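One letter stands for each residue in the lines below.
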Amino acid sequence: AEHTKTLNESVEALDKMPLPAEIAADLQAVKPALKDYIESAKSTIEAANKDHAAGTALYPKFEETFKSLEVKLGSLGDKINNAAKSARDEQAKSAAEARWMLWTTLGVSAIGMVTFAAGIIRGILTSLNRCLEIANKVADGDLRTRVNLQQNDEFGALAAGFDRMIENMGGQ
């Protein structure tokens with residue numbers, strides 16, 4: 001009875017799964033063989049419990065239904081295993097593609113960020129070097145030089161302050 005229950009539960013669980021058409025068709029084809037096996041087992045056991053000779057007489061039919069079911073279940077199991085392997089392979093391929101896309105995106109993003117940061121650093125260093133160059137000229141006594149940095153940021157304000165300072169120094 002427990003064996004019958006387990007077999008039926010397994011088939012019901014498979015029925016609820018989204019199976020490929022070929023496997024679903026094979027599962028439906030196994031059901032009559034499973035039913036024949038269960039009925040043969042019950043009738044053989046019942047007969048054997050009442051009359052040993054009657055049970056022995058039914059045993060060849062039981063063995064035939066068992067072998068038929070065994071072949072069909074083996075074939076079905078192979079197909080399910082192959083489908084599962086294909087699904088795992090497909091999943092692994094998709095995961096590999098996703099990893100490749102992720103690393104590619106990260107690489108392109110990193111290159112973009114480095115390029116962007118390099119542009120910002122170059123702009124800062126250009127402005128800072130211009131102010132430093134003028135500061136050195138003024139330190140050497142050249143009060144005619146000006147920074148003339150036309151920017152609307154902190155460096156533009158610093159340059160304007162340098163230019164005013166140089167003008168004030170020249171006026172003294």
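From a predicted model like this one, the values you see are computed outputs, not experimental measurements.

## Things to note about the nonpolar core
Move 1: Formed by 14 residues in total, the largest nonpolar core has its most connected members in Leu-27, Leu-34, Tyr-37, Leu-69 and Leu-76.
Move 2: Here this core gets eight residues from one element, more than from any other, and that element is helix 2 (residues 21–50).
Move 3: Ignoring any residue separated from it by four or fewer positions in sequence, one finds Leu-34 in contact with Leu-7, Asn-8, Val-11 and Leu-69.
Move 4: Among the nonpolar cores identified, the runner-up in size contains nine residues, and Val-138, Leu-149, Ala-159 and Phe-162 belong to it.

## Observations regarding the confidence of the model for the chain
Move 1: Summarising the model, the chain shows a mean pLDDT of 91, and 99% of its residues fall at 70 or more.
Move 2: Summarising per-element confidence for the chain, the mean pLDDT is lowest in helix 1 (residues 2–16) (85) and highest in helix 3 (residues 52–139) (94).

## Examining helix 3
Move 1: Helix length check: helix 3 (88 residues) gives 122 Å between terminal C-alpha atoms against 130 Å at 1.5 Å per residue, within 8%.
Move 2: Along its length, helix 3 shows its largest kink, about 35°, at Tyr-59, and proline Pro-60 lies within four residues downstream of that point.
Move 3: Within helix 3 the residues assigned to the buried category are Gly-55, Phe-62, Thr-65, Leu-69, Leu-76, Ser-127, Cys-131, Ile-134 and Val-138.
Move 4: Tucked inside the fold, the buried residues of helix 3 contact helix 2 and helix 4 (154–170).
Move 5: Phi turns positive, to about 105°, at Gly-141, one or two residues after helix 3.

## Quick word on the side chain of Ser-40
Move 1: The topology assignment puts Ser-40 in helix 2.
Move 2: Setting aside anything within four residues of it in sequence, one finds Ser-40 in contact with Lys-61, Phe-62 and Thr-65.

## Describing helix 1
Move 1: Counted at 1.5 Å a residue, the expected span for helix 1 with its 15 residues is 21 Å, and the 21 Å between its end C-alpha atoms agrees.
Move 2: Taken together, the buried positions of helix 1 are Thr-4, Leu-7, Val-11 and Leu-14. Mapping the buried residues of helix 1 onto a view down its axis gives an arc of 95°, with all of them on the same face. The outward face of helix 1, more than 90 degrees from its buried face, is lined by the exposed residues Glu-2 and Lys-16.
Move 3: Where helix 1 is buried, its residues touch helix 2 and helix 3.

## Quick word on the packing of helix 2 against helix 3
Move 1: The geometry of helix 2 relative to helix 3 is characterised by a closest axis approach of 8 Å and an angle of 160° between their N-to-C directions. Overall, the two elements helix 2 and helix 3 adopt an arrangement that is roughly antiparallel. As helix 2 packs across helix 3, the resulting crossing turns out to be left-handed.
Move 2: Its residues placed into classes, the contact of helix 2 with helix 3 shows 20 nonpolar, six polar and seven charged.

## Regarding the pattern of salt bridges
Move 1: For the structure on display, the rule yields 11 salt bridges.
Move 2: The shortest N-O distance in the salt bridge between Lys-79 and Asp-26 comes to 2.4 Å. Of the two residues, Lys-79 sits in helix 3 while Asp-26 sits in helix 2, which places them 53 residues apart along the sequence.
Move 3: With its nearest N and O atoms 3.9 Å apart, the salt bridge here joins Glu-63 to Lys-67. With a gap of four residues between them, Glu-63 and Lys-67 both fall in helix 3, about one helical turn apart.
Move 4: Residue classification places Lys-67 among the partly exposed residues on the basis of a relative accessible area of 47%.
Move 5: Residues joined by salt bridges that share partners form a network here, namely Glu-22, Asp-26 and Lys-79.

Calculation criteria
Residues numbered from 1 in each chain as written. Predicted model: local features only at pLDDT ≥ 70, side-chain atom pairs only at ≥ 80, totals over all residues. Heavy atoms only, no water. Core = buried A, V, L, I, M, F, W, Y, C linked by side-chain atoms within 4.5 Å. Buried < 20%, exposed > 50% of the residue type's maximum accessible area, 1.4 Å probe, protein only. Helix = DSSP H or I, 4+ residues; strand = E, 2+ residues; numbered from the N terminus. Contact = heavy atoms within 4.5 Å. pLDDT = per-residue confidence, 0-100. Expected span 1.5 Å × (residues − 1). Bend = angle between axes of the 7 residues up to and from the residue. Arc of directions from axis to C-beta. Axes fitted to C-alpha atoms, helices over the stretch in contact; angles between N-to-C directions. Parallel < 35°, antiparallel > 145°, perpendicular 65-115°, else oblique. Left-handed = near helix turned anticlockwise from the far one by under 90°. Nonpolar A, V, L, I, M, F, W, Y, C, P; charged D, E, K, R; others polar. Salt bridge = Lys/Arg side-chain N within 4 Å of Asp/Glu carboxyl O.

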